[in-house]
Structure formats: structure tokens, C-alpha cells
Amino acid sequence: MTRPRRLDDATARPDGACHLWYAAYGSNMHLDRLTYYLAGGRPPGGLRSYPGCRDPRPPARSEPGMLPGRTYFATTSQVWTGGRAFYDPDHRAPRPPHGDDGRTPELPARLHLLTAEQFSDIAAQEMYREPGGALDLTEVLREGRARIGPGRYETLVCAGRLDGLPVLTFTAPWRSDDDTVDLNPPSAAYLRHIAAGIIASHGWSARRAADYLAGCPGARGHWTATEIAALLSGPAAPADRRTRR
């Protein structure tokens, strides 16, 4: 059983970072998928080619980690079709009927140790921008959040620190329970890829990964845990079940 490390509190953030942890919670949990963002190229069966990073080297380290918050699916992916995975760092579980505040939920991620330049280039590709510039990380390291654009993956988040280095990722600016969010069920191929990434990174069983994903907004009510687990049991994903609901 893989034991993911919990992050340290994001307070007392450094003013800058030459190296950092990129927290991947979607398809980039897979090292082979991340390679296309680093070295460039088109993944097998992919609909998009990636220009790659200026520094194509693989991560210095990769390990599982848990981020405070939850995953949700919204908008429409040009690569996978169906909803994209986003990170809501502000989500808190409902307050229990007796006791103190509700617990803070966690989502499984894979942490890749990269240079700040590599992170900037990966973020640019996720934002459909040309890599090559340097993201100004001052605000996200100081405030924990920095909005670079209006949607998609244009909001940077510092989820905490690990080994003294900041843990950064990107998401959309809205919350998962925002009434204006266009929740959208993910495709079968995307769910299978994310579930396989969770299993490979964290050592979870197929059923545990399926239970987690079936409870995420966007997927919840459209995919059952049994259906998601079935995506992992065959040589190919069965037909997308979203159209039946």
C-alpha cells in the first residue's frame, strides 16, 4: 500500500522558488502523459499535439500526495471530450450535526518535483498559451492563490509545502458548488485514465478509486462506482454511459 505524505501548512511561504512540486490531479498523474507536456508530441489517440517545455527532462522525483479540497468535472475538454477535472481547494465537508467544524476532505494527487521554468511551461500548455515565458509566482507563493485568466486552468494555487518547497497546481477560479459552474460528466476514457493514475500513484484498489470519482461533482449522478470500476476491468473502455442518464 502506497503511503502518500500530507502537505505542510501553506503559511510562511517563501518569496520565490527555483524548484517546486507540481501537484497533478488529472491525467498528468501518469508519468507517460506528463512526458508529452515536457518533451512535446501527441499522445497515442490524442487530439492535440504539445509543444513541450524548454527543459524536457523528467521530474527529479514523483510521489503520491493528498491535497486539501476535492475534484470536480466541468466545461468540455478538447482532448478527452466530456468534463475536465478541476481542483476546488476551498471545499469543506458539511458540518456534522454534533461536534465542531466539518472535516477537510482530501483528493489524491501525484507530486512531481520540477523547476519553476518547467512548471511555467506546463501551465502555459494547459492554458492554451505558447510556452517560453516565466510565470510570476510571487502572488501565489505569498497569498496562496493567483488568478492569471478567467477560466480553465488559469488560476494558480499553492496547496501547501513539502520538504520546504511549495506545492503548486492550477485550476479554474470558481468553486465546485458555485451555481454558475457548468458541471459536465467526464468521458469514459478520461475517467479510466484518472482512475488508473490514482491506482498507480497511491496503490488504491479499483473500487476505492471508483468510489472516490463517482462522488465528485460532475460525475456524481451520471457515473456509478460500479460503472467506473468496470472501465478498469476490460481491454477497452465500454461505451460512454453519460448519454443514458
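Where an unreviewed UniProt entry is consulted, the protein chain appears under the name Histone deacetylase, with the organism given as Streptomyces nigrescens.

A. Inspection of the overall build of the protein chain at higher detail. Broken down by element type, the protein chain carries six helices and nine strands. Looking at the protein chain alone, contacts between residues at least 24 apart form 66% of all its contacts between residues at least 6 apart. Accessible surface for the protein chain amounts to roughly 11200 Å². Of this, 49% is attributable to carbon and sulfur atoms.

B. Quick peek at the environment of Ser187. Within the element layout of this structure, Ser187 appears in the loop between strand S9 (165–171) and helix H4 (188–202). Given the relative accessible area of 4%, Ser187 is considered buried. In this structure, the C-alpha to C-alpha distance between Ser187 and Trp80, residues 107 residues apart in sequence, is 6.8 Å. Within polar-contact distance, the side chain of Ser187 engages the backbone oxygen of Trp80 at 3.2 Å. Reaching out from Ser187, the side chain makes a polar contact with the backbone nitrogen of Tyr190 at a distance of 3.2 Å.

C. Region of interest: the confidence of the model for the protein chain. For the protein chain, mean pLDDT is 86; residues scoring 70 or higher make up 83% of the total. Here residues 11–16 scores under 50 on pLDDT; set against residues more than four positions off or in separate chains, the count is 14 contacts. The model gives residues 236–245 a pLDDT under 50, and that stretch makes 22 contacts with residues more than four places away or in other chains.

D. Local environment of the nonpolar core. Residues Leu67, Phe73, Ile122, Leu137, Val167 and Leu213 are the most contacted members of the largest nonpolar core, which totals 67 residues. Ignoring sequence-local partners within four residues, the contact set of Leu67 consists of Leu7, Ala23, Tyr87, Pro105, Glu106, Leu107, Ala109, Leu111, Ala159 and Val167.

E. Up close: helix H1 (residues 31–39). Burial in H1 covers these residues: Arg33, Leu34, Tyr37 and Leu38. The buried residues of H1 occupy an angular sector of 145° when projected down its axis, which confines them to one face. Of the surrounding secondary structure, the elements contacted by the buried residues of H1 are strand S2 (19–24), strand S6 (106–115), helix H2 (116–126) and H4. Gly40 occupies a position one or two residues after H1 and carries a positive phi of about 90°.

F. Region of the structure containing unusual backbone geometry. At Tyr128, a residue that is not glycine, the phi angle is positive and equals roughly 60°. Mapped onto the elements, Tyr128 comes out in the loop between H2 and helix H3 (138–143). Residue classification places Tyr128 among the partly exposed residues on the basis of a relative accessible area of 31%. Unlike most non-glycine residues, Asp163 shows phi in positive territory, near 55°. Within the secondary structure layout, Asp163 lies in the loop between strand S8 (155–162) and S9.

G. A look at the packing of H1 against H2. Viewed as axis vectors pointing N to C, H1 and H2 meet at an angle of 100°, and their least axial separation amounts to 9 Å. The angle between H1 and H2 places the two elements in the roughly perpendicular class. Where H1 approaches H2, its residues Leu34, Tyr36, Tyr37 and Leu38 are matched on the opposing element by Gln118, Ile122, Gln125 and Glu126. For the contact of H1 with H2, a count of residues per class yields five nonpolar, two polar and one charged.

H. Up close: the layout of surface pockets. Empty space within the largest pocket amounts to approximately 250 Å³. Arg33, Pro43, Pro44, Gly46 and Trp80 are, among the 13 residues lining the largest pocket, the residues nearest its centre. Looking at the lining of the largest pocket, the elements with two or more residues in it are H1 and H4. No other element matches the three residues that H1 contributes to the lining of the largest pocket. The class makeup of the residues in the lining of the largest pocket is seven nonpolar, four polar and two charged.

I. The arrangement of the packing of aromatic side chains in detail. Evaluation of the coordinates by the stated rule reveals 12 aromatic pairs. Ring centres of Phe73 and Tyr190 lie 6.2 Å apart, and the angle between their planes is 80°; this geometry places the pair in the edge-to-face category. Within this pair, whereas Phe73 is found in strand S4 (residues 70–74), its partner Tyr190 is found in helix H4, the two being separated by 117 residues in sequence. Assessed through its relative accessible area of 0%, Phe73 is described here as buried. Both rings, one in Phe86 and one in Trp174, keep their centres 6.1 Å apart while their planes meet at 70°; by these two values the pair is edge-to-face. In this pair, Phe86 sits in strand S5 (residues 84–88) while Trp174 sits in the loop between S9 and H4, placing the two residues 88 residues apart along the sequence. For Phe86, a relative accessible area of 0% puts it in the buried group. Of the residues examined, Trp174 reaches a relative accessible area of 22% and is grouped as partly exposed. Put simply, the rings of Tyr22, Tyr72, Phe86, Phe119, Tyr153, Phe170 and Trp174 pair up and form one aromatic cluster. We note Arg208 situated over the ring of Trp204; from NZ or CZ to the ring centre the distance is 4.0 Å.

The rules behind each value
- Residues numbered from 1 in each chain as written.
- Predicted model: local features only at pLDDT ≥ 70, side-chain atom pairs only at ≥ 80, totals over all residues.
- Heavy atoms only, no water.
- Helix = DSSP H or I, 4+ residues; strand = E, 2+ residues; numbered from the N terminus.
- Contact = heavy atoms within 4.5 Å.
- Areas by Shrake-Rupley, 256 points an atom, 1.4 Å probe, with all protein chains shown as cover.
- Buried < 20%, exposed > 50% of the residue type's maximum accessible area, 1.4 Å probe, protein only.
- Polar contact = N/O pair within 3.5 Å; in protein donor to acceptor, adjacent residues only side chain to side chain.
- pLDDT = per-residue confidence, 0-100.
- Core = buried A, V, L, I, M, F, W, Y, C linked by side-chain atoms within 4.5 Å.
- Arc of directions from axis to C-beta.
- Axes fitted to C-alpha atoms, helices over the stretch in contact; angles between N-to-C directions.
- Parallel < 35°, antiparallel > 145°, perpendicular 65-115°, else oblique.
- Nonpolar A, V, L, I, M, F, W, Y, C, P; charged D, E, K, R; others polar.
- 1 Å grid on protein atoms, 1.4 Å probe; cavity = no way out; pocket = protein on both sides within 12 Å on 5 of 7 lines; lining within 4 Å.
- Points joined across faces, edges and corners; volume = space filled by probe spheres on them.
- Phe/Tyr/Trp six-rings, centres within 6.5 Å; stacked < 30°, edge-to-face > 60°.
- Lys NZ or Arg CZ within 6 Å of the ring centre and 35° of its normal.

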